[in-house]
Structure formats: structure tokens, C-alpha cells
There are 2 protein chains.
Amino acid sequence: MQVDLLIHSASQVCVVPAHDGPQRGSRLGDLGIIEDGAIAVKDGKIVAVGKTAVLQQKFTADHTINANGRCVTPGFVDPHTHIPWYGDRANEFEMRLGGASYMEIMAAGGGIMSTVRNTRQASLDELVADNLPRLERMLRWGTTSAETKTGYGLEKAAELKQLDAMVELNRQQPVELTYTFLPAHAVPAEWNGRTDDYVQYVITDLLPAGADWMEKHNVTLFCDVFCEAGVFDVAQTRAILTRAAELGFRLKVHADEFEGLGGTRLAVELGAVSADHLVKTPDEDIAALGQGDTIAVGLPGTPFGLAEDEYTPAKAILAAGGALALASDCNPGTTWNESMQMVIALGCRYMGLTQAQALAAATINAAYAIGRGDEVGSLEAGKQADILILDTADYRQLGYRYGTNLVQTVVKSGSLVVG
Amino acid sequence: MQVDLLIHSASQVCVVPAHDGPQRGSRLGDLGIIEDGAIAVKDGKIVAVGKTAVLQQKFTADHTINANGRCVTPGFVDPHTHIPWYGDRANEFEMRLGGASYMEIMAAGGGIMSTVRNTRQASLDELVADNLPRLERMLRWGTTSAETKTGYGLEKAAELKQLDAMVELNRQQPVELTYTFLPAHAVPAEWNGRTDDYVQYVITDLLPAGADWMEKHNVTLFCDVFCEAGVFDVAQTRAILTRAAELGFRLKVHADEFEGLGGTRLAVELGAVSADHLVKTPDEDIAALGQGDTIAVGLPGTPFGLAEDEYTPAKAILAAGGALALASDCNPGTTWNESMQMVIALGCRYMGLTQAQALAAATINAAYAIGRGDEVGSLEAGKQADILILDTADYRQLGYRYGTNLVQTVVKSGSLVVG
């Protein structure tokens with residue numbers, strides 16, 4: 001059979017198979033390694049995965065890549081970023097290191113509202129131009145699909161501008177983007193002290209505007225809420241997400257970053273695709289993850305970025321039978337890092353994941369966390385050909401080594417895009 | 001005046017001036033920023049640094065680089081690595097994540113003796129080939145000078161082979177290497193339980209062999225000892241270093257990584273150029289750093305690599321008036337990271353350094369930590385032209401952002417080597 005591309009002679013092809021869904025509980029870390037492996041690709045999809053000798057017999061290819069004893073993995077999927085935003089907060093990081101308190105930083109115009117002001121003021125073109133380099137770095141470090149969010153607009157025009165920017169960003173570069181609507185990311189300054197009123201505004205104005213946008217663009221958006229003490233409580237989160245579901249959004253929740261309010265249990269109850277952060281998650285909520293279909297998304301860059309010492313309790317979530325994914329949370333306030341390799345390194349050190357568990361959490365389970373587990377995240381026949389060749393023979397160098405870049409070659413939908 | 005190279009139109013030229021020595025105590029973090037800056041280079045050295053308009057008036061150049069609103073800093077100096085070594089220990093990292101104890105890892109053939117066995121068995125050519133990619137990565141991430149060490153030989157032939165490998169590595173690529181002799185890195189398995197005898201062997205056999213090598217190659221080596229509970233105590237460290245000084249070595253000490261034995265005080269007393277690790281450093285030793293000329297080298301990658309929670313007490317060292325540098329400790333056991341940008345990110349988060357302090361610690365003070373403060377580490381006239389152009393207008397993005405690579409262009413001794 002004639003194919004477009006044959007990648008062969010890989011020391012290891014890490015298939016990272018789906019288990020009729022995400023890899024759950026103690027089964028996380030199944031890489032399905034094929035030694036001296038090869039992958040055949042046609043029309044942007046994987047046709048076959050197997051031994052080099054077998055695939056070289058079965059297929060002739062227009063293009064071949066000799067992996068030459070290197071390791072091959074699925075492209076990373078980053079299921080939680082705050083791209084697109086405008087500007088940076090390096091000054092705020094400096095103030096914090098100099099000992100400034102959160103209140104002092106806020107008084108100096110810092111914090112999330114600083115990014116909201118910048119993002120509101122930026123034109124669509126400026127917003128796109130500011131975020132393209134971030135996606136280019138994600139790609140060079142191996143991310144082939146990512147979630148992106150609104151939430152720095154917090155008013156109709158700016159939230160819709162963020163959605164429009166995502167579409168433009170998706171069009172202009174290879175990392176494939178999933179879109180999330182997060183008007184309930186924070187209570188904007190102009191609604192200060194009137195959280196219930198802002199929630200009503202989200203429900204009556206912003207969600208319908210997002211729903212119109214969905215219809216116009218013929219895509220399904222996720223709707224997400226930052227369920228946290230001092231931001232949106234469980235009742236407010238429930239009200240927003242319930243209305244969002246009625247309008248056709250799929251659901252996500254930011255939960256338990258600083259306090260465990262019950263946001264994760266709510267996510268499972270509402271059938272949310274993922275619950276993200278999950279640092280202070282109560283035992284009851286961990287048990288709920290083991291029963292439900294909601295993916296637990298750990299974001300170890302966030303406590304790392306803030307030099308905090310508590311991370312997502314991965315072992316408890318796995319012991320309960322939950323499905324765990326990893327994501328970068330890439331954002332200008334707490335953790336500006338585009339590299340899923342770095343996230344894997346943090347997941348190994350601070351969540352106690354083995355390299356195999358972290359790799360599966362950053363690929364197949366991350367794909368399920370954005371509702372795309374059937375299309376990407378593993379090297380199985382029928383999946384999109386999103387493939388990395390690492391500059392090492394052993395996948396276990398992921399996580400073990402950190403700070404640089406082990407990705408040598410990136411193939412996206414069958415096309416060579418890096419290397 | 002005609003020069004070889006003019007770099008101009010930098011948003012910031014971070015000069016990071018020497019203060020007739022390293023930047024000490026509260027004066028750490030003096031970047032001497034020149035806005036809209038330029039640098040003139042002739043014969044591999046910096047001729048002038050100043051405003052673009054002024055230097056464009058004064059100099060005509062064979063080559064120009066338009067920094068185009070980007071930030072320019074000195075090349076990073078990495079004053080503590082364990083390059084060259086052979087092989088990896090990804091399996092051991094996996095065992096540790098899987099819950100194996102230190103003793104179980106040792107019983108499985110892991111730990112430092114695993115790297116010693118590999119390094120002893122490798123030929124000189126294999127050792128060079130295995131380490132070249134590490135230095136290439138260091139360069140791409142902005143390191144232009146680095147210290148390298150023996151210590152995985154622990155017998156005469158293998159220690160000398162490591163020294164020979166350093167010379168060959170120095171010759172084959174642009175990162176300029178400083179050489180350290182560390183036969184007292186560990187007590188090798190064949191001397192188990194006979195530490196005093198091994199110390200005698202170091203003093204009577206290995207140090208003279210190193211001294212002969214110095215004479216033959218006409219370079220000065222540093223001699224270093226791993227002064228730590230269960231390895232070499234203060235008396236043994238003193239005996240080795242005293243003999244080393246008599247033989248013409250300059251001195252360094254690994255001290256206080258796991259216990260504060262007094263190694264740092266000893267380093268100051270013996271006039272060592274640096275004392276490195278310094279996690280459990282007693283107050284008395286911190287006070288000694290404030291009085292003496294020994295540079296305190298923090299290695300935040302090491303506790304990070306091991307997911308430990310104690311780091312070099314930078315603020316106390318600075319409050320005592322000490323001179324603090326940063327280094328990677330790049331090694332296959334505890335922290336395989338070649339990026340000084342990552343080290344800066346860790347130093348900001350876990351040692352409480354501002355970006356300016358961390359940058360000075362990774363450049364001018366790091367240069368003093370390898371005895372080269374007069375040649376490299378700052379962008380001052382007369383210094384070697386080791387220059388980075390970052391892909392950002394603001395040096396404060398160093399540390400704030402992590403996981404990827406902000407270095408766009410590297411100039412080493414006046415030659416464009418990256419970008």
C-alpha cells in the first residue's frame with residue numbers, strides 16, 4: 001500500500017493507547033511501547049503502527065523519516081492554557097520577589113485586572129500578534145493541540161474579541177486549538193462588590209453572546225467558571241454552568257486551587273469534561289472523580305510558578321480510580337511556561353508521577369480532557385498523525401531531564417512542522 | 001574607529017558591572033542598564049558600551065547586528081557542572097518516583113557509582129561524543145563559559161581521562177571551559193569502609209597526577225572536595241585541599257548540601273575561590289562568607305531535581321555581605337538541566353532573588369566563582385565579547401518566564417555562534 005509518510009527505526013514508539021476512554025487509576029502509564037517501531041501515515045492520519053520490518057514490507061511511502069534509534073511519542077496535548085492574553089506582568093513578579101504583598105501589587109495596578117485592561121485595549125490584530133510566538137514555542141516544545149480561553153475580557157466585546165483571536169490563531173499556525181469561554185474568570189473591577197449582579201450579567205448577556213458566536217462559527221465551545229473562595233462560589237458556578245449547558249456549551253470548572261469548595265463534585269455531577277487545578281480537593285470530591293467521567297487536570301506549573309508547596313494529589317486521585325491529565329495553565333500571572341516537557345518534569349517531581357504516567361497524562365488523557373480523545377493523544381490507527389521524535393532513545397528522559405528541549409521533530413496531521 | 005562588530009538599538013544593555021570584584025551583599029543586582037544601547041567589539045573584546053547614537057557616531061563596523069528593541073545581557077557563566085560524564089540514570093529516576101528507597105536504588109546498581117562505572121568504561125572519544133550535545137544545549141540556552149569537573153573516575157586513569165575529555169570538549173565547541181579536579185567526589189566502591197585510606201590515595205597518588213597534568217597542559221586546575229556527612233569530613237577535606245594548594249591547585253569545596261559540617265568556613269579559611277551547594281550552612285559559616293573572598297555558589301537545580309524543599313539561604317548570605325553566584329550543578333543523578341535560564345527561574349522562586357539579582361549571580365558573580373571575573377561575566381570595555389540578545393525587550397522576563405528559551409542570539413568572543 002502507498003502511504004504519504006513512513007517514520008521508521010524508532011527505538012521506541014510510545015503508542016499510549018486509549019482504554020476505550022482515558023487511562024484511569026492504576027492503569028495510567030500504559031505506553032504500549034513498540035521497540036524498533038514504525039508509523040505509516042496517509043491523508044494526515046495514522047494508518048498503521050508496528051515493527052519497522054513489518055511496516056517497511058507492507059508500505060511504500062512518498063516520504064520517509066528515519067528516526068534512527070530515537071524515541072517517538074504522540075504530540076503533547078495541553079488541555080488548559082490562558083492563551084490569548086495581551087502584555088506581561090514581569091514587573092509584578094519582580095514586586096513579589098521584592099516582598100510586596102498581594103494587596104500592594106493590586107494597589108499598584110497589578111493582578112488579573114492588569115491583564116484584563118491590556119487585553120481589552122488591544123486590537124484583534126495586536127492580540128493575535130502577541131500570542132503567535134507563544135504558540136510557536138508550544139509547537140517547538142512538542143505541543144500539537146491545546147485549549148485556549150477567554151477570561152481577560154470580562155465584558156461582551158472583549159470576550160468575543162478573544163474568541164475571534166483564537167480562530168485567527170488557529171488559522172495562522174499548526175497547533176490545533178480548542179476554544180473555551182470563561183467570562184466568569186474573575187469579577188471585573190467595575191462590578192466590584194456586586195458578584196451576584198455580575199453572575200446575572202454572565203447568564204443573561206455573555207452566555208447568549210457566546211452561544212450566538214458558537215452558532216455563527218459552527219463550533220462547540222466549552223464554558224468554564226473559576227469556582228474559588230472570593231471569586232465564584234458553588235451556587236454561582238452551578239447557575240452559570242447550568243445555563244451554559246442549556247445553551248449547548250460543554251463544561252469545564254476551575255476548582256480547588258486555593259480552597260476546596262465542592263467545585264470538583266459539582267463538575268462530576270454536571271458531567272463536565274474536566275475539573276482543573278484540584279490542589280485542595282476534599283476526599284469526597286476525589287471519590288467522585290473515581291466514579292464519574294470528568295477528567296482531573298493537574299496544573300503543576302501553577303504552584304511551582306508561585307513557589308507554593310501543595311500540588312494536585314495525583315496518587316489519591318489515581319487510587320480512587322480517577323483519570324488524570326496534565327496541562328500548563330500558561331498565563332502571565334502565575335506561570336508563563338509553554339513547555340509540556342516542563343509540566344511533565346514538575347508532575348514527576350511534585351505529583352509523584354512516573355515518566356510513563358506523566359506522558360500518558362500529557363497525551364491521551366489530556367486529549368480526553370478537551371473532548372478529543374477519539375482524534376488525538378495516541379499513536380493508534382485512525383488517529384490524527386500528531387507525532388514527536390525525541391532527541392533520545394528512551395522516553396524516560398522526559399521528566400528526568402528538564403529546562404531544555406528534547407523534541408527534535410514535530411509532525412502535525414502528517415506534515416513535518418518542526419525539525 | 002573601525003571595529004569588527006557593532007550591536008546596536010538594544011532596548012536595554014545590561015552591563016552588570018564588576019564592583020572591583022563580585023557584587024556583594026545588598027549591592028547584588030546592579031545591572032547598569034543602558035537604554036537604547038550599543039556595544040562595539042574588536043578582536044573578540046568589548047571596546048565600548050554606550051548609547052546607540054553615540055557609538056554609531058564613534059565607530060564604523062565590519063558587521064552590525066540590529067538588536068531591534070531587544071534586551072542584551074552578558075553570556076551566562078555556569079560555575080558548577082559535572083560535565084563530562086557518560087550515560088544516564090533515567091531508570092534510577094523512575095525507580096525513585098516508583099517509591100524505591102536510596103538503598104534499593106544502590107542495591108540495583110544505581111547512584112553515583114553507576115555513573116563512575118560508565119565513565120570508567122567509556123573511551124576518551126565516547127566520553128567526548130556523549131558530552132558535546134550537553135555543551136551545545138548550554139550554548140543555545142545562553143551559557144558562554146562553564147566549569148567542568150572530574151569526579152566520575154575516582155582512580156588515576158579515569159580521572160585523567162576526564163581531564164583530557166575537557167580539553168577536547170573545550171577545543172571542539174564554543175563554550176569556554178574551566179577545569180576542576182575532584183577525585184574526592186565520593187569514596188569509590190572498591191575503597192568502601194576505608195575512607196581514610198582513599199584520602200591518602202588521593203593525597204599521595206591522584207593529586208600529584210593532577211599536578212603533573214597541570215604542568216603538561218600549562219593550565220591551573222581547581223581542586224574540589226565533597227565535604228559532607230558520610231563522604232569526606234572537614235579534617236579529610238582540609239588534608240586534601242591543603243596538599244592541593246601546595247601543589248598549585250586553586251580551591252573549591254562542595255559544602256552543606258545535606259548537613260552543615262563547617263565546610264564553608266574551611267573554604268573561607270583556606271581562601272577557596274568558591275564554596276558550592278550551601279543549603280544547610282550554619283550561621284557562623286554565613287558570617288564567614290561575609291568577611292572572606294570565597295564566592296557562595298547556590299545550586300537551586302539540586303533541591304528542585306530531588307523535590308526537596310530547602311534551598312541556599314540567599315537572603316542571609318547577602319545580609320551578611322557575601323557574594324552569591326548561581327550554577328546548574330548539571331549532572332545525571334540529581335539535576336540534568338543545562339539551562340542557566342532555568343537556574344535563574346529557580347533562584348527567583350526558591351531563593352527569593354529578584355530577576356536583577358539572579359542575573360548578576362549568573363554572570364559577573366559566576367565569573368568570579370571560577371576565577372575569571374576579570375575576563376568575562378559583564379559587558380564592560382576590555383572584557384571578552386560574550387553577549388546574548390534575548391527575544392524580549394525586558395530582562396525581567398528572565399526568571400518570570402521559564403521552561404523554554406529566551407535567548408535568540410549568542411556572541412562568543414566576538415563571533416556569532418547562535419542566531
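Residues numbered from 1 in each chain as written. Chains lettered and ligands numbered in written order. Predicted model: local features only at pLDDT ≥ 70, side-chain atom pairs only at ≥ 80, totals over all residues. Heavy atoms only, no water.

Asks: Any chance you could break down helix α4 (residues 112–121) of chain A for me, citing the residues and the numbers?
Replies: Inspection of α4(A) places M113(A), S114(A), T115(A), V116(A) and T119(A) among the buried residues, and these make up the whole buried set. Contacts made by the buried residues of α4(A) are with α5 (124–140) and α6 (156–172) of chain A. (Buried < 20%, exposed > 50% of the residue type's maximum accessible area, 1.4 Å probe, protein only. Helix = DSSP H or I, 4+ residues; strand = E, 2+ residues; numbered from the N terminus. Contact = heavy atoms within 4.5 Å.)

Asks: Describe in detail the sheet that holds strand β8 (residues 176–184) of chain A, supporting the description with residues and values.
Replies: All names here are of chain A. Pairing is parallel in the open sheet, where eight strands are placed in the order β6-β7-β8-β9-β10-β11-β12-β13. Single-partner strands in this sheet number two, and they are β6 (76–78) and β13 (324–326). Strand-to-strand, the axes of this sheet are offset by a mean angle of 25°, without reference to chain direction. Both strand β12 (residues 295–298) and β13 contribute to a ladder of three bridges, which runs parallel. Each residue of the ladder has a partner; that of A296, found in β13, is L324. (Pairing = 2+ DSSP bridges. Axes fitted to C-alpha atoms, helices over the stretch in contact; angles between N-to-C directions.)

Asks: Break down helix α10 (residues 283–291) of chain A for me, with residues and values.
Replies: Think of an α-helix as turning once every 3.6 residues; residues three or four places apart then point the same way. The set of residues buried in α10(A) consists of D285(A), I286(A), A288(A), L289(A) and G290(A). Check the buried side of α10(A) and you find it contacts α9 (263–269), β12 and α12 (314–319) of chain A.

Asks: So what's going on with the sheet that holds strand β13 (residues 324–326) of chain B? Which residues, and what values?
Replies: Residues and elements named next belong to chain B. Strand order across the open sheet formed by eight strands is β6-β7-β8-β9-β10-β11-β12-β13, with parallel pairing between neighbours. Since the sheet does not close on itself, it has two edges, and those belong to β6 (76–78) and β13, each with one partner. This sheet shows a mean twist of 25° between the axes of neighbouring strands, independent of strand direction. Where strand β11 (residues 274–277) lies against strand β12 (residues 295–298), four bridges are found, and the strand directions are parallel. Paired with S274 across the two strands is I295, which belongs to β12. Its contacts with the sheet place helix α6 (residues 156–172) against β7 (143–149) and β8 (176–184), and it is angled at close to 175° to β8.

Asks: Tell me about the pairing of strand β10 (residues 250–255) of chain B, and name the residues and values.
Replies: Working note: regular strand, side chains alternate between the two faces of the sheet. Residue and element names in this part refer to chain B. Most of β10 is tucked away, with five of its six residues classed as buried. Relative to β11, β10 runs parallel, the two being bridged by four bridges. Considered in β11, the bridge of V253 is made with A275. Taken together, β10, helix α9 (residues 263–269) and β11 constitute a β-α-β crossover, and its handedness is right-handed. (Right-handed = clockwise from strand over helix to strand, strands pointing away.)

Asks: Kindly report on the pairing of strand β14 (residues 387–390) of chain A, identifying the contributing residues and their values.
Replies: Residues and elements named next belong to chain A. Of the two faces of β14, the one carrying I387 and I389 and the one carrying L388 and L390 are both buried. Direction of pairing for strand β5 (residues 71–74) relative to β14: antiparallel, over a ladder of three bridges. Within β14, the residue paired with V72 across the bridge is I389.

Asks: Break down the interface of chain B and chain A for me, citing the residues and quoting the values.
Replies: Contact residues are listed per partner, giving 43 residues for chain B and 43 residues for chain A. Taken together, both faces of the contact between chain B and chain A bury some 3900 Å²; the carbon and sulfur share is 57%. Considering only the side of chain B, the residues that lose the most area to chain A are F304(B), Y400(B) and Y402(B), jointly responsible for 20% of the buried surface there. Applying the counting criterion to the chain B and chain A interface returns two salt bridges. In this structure, the salt-bridge partner of R396(B) is E94(A), at a minimum N-O distance of 2.8 Å. Our count for the contact surface shared by chain B and chain A stands at 22 residue pairs in polar contact (both at pLDDT 80 or more). Secondary-structure elements contributing two or more residues to the side of chain B that touches chain A are α2 (90–97), α11 (301–305), α13 (340–351) and α16 (397–400) of chain B. The residue makeup of the side of chain B that touches chain A, split by class, is 17 nonpolar, 15 polar and eleven charged. (Buried area = accessible area lost by both parts, 1.4 Å probe. Salt bridge = Lys/Arg side-chain N within 4 Å of Asp/Glu carboxyl O. Polar contact = N/O pair within 3.5 Å; in protein donor to acceptor, adjacent residues only side chain to side chain. Nonpolar A, V, L, I, M, F, W, Y, C, P; charged D, E, K, R; others polar.)

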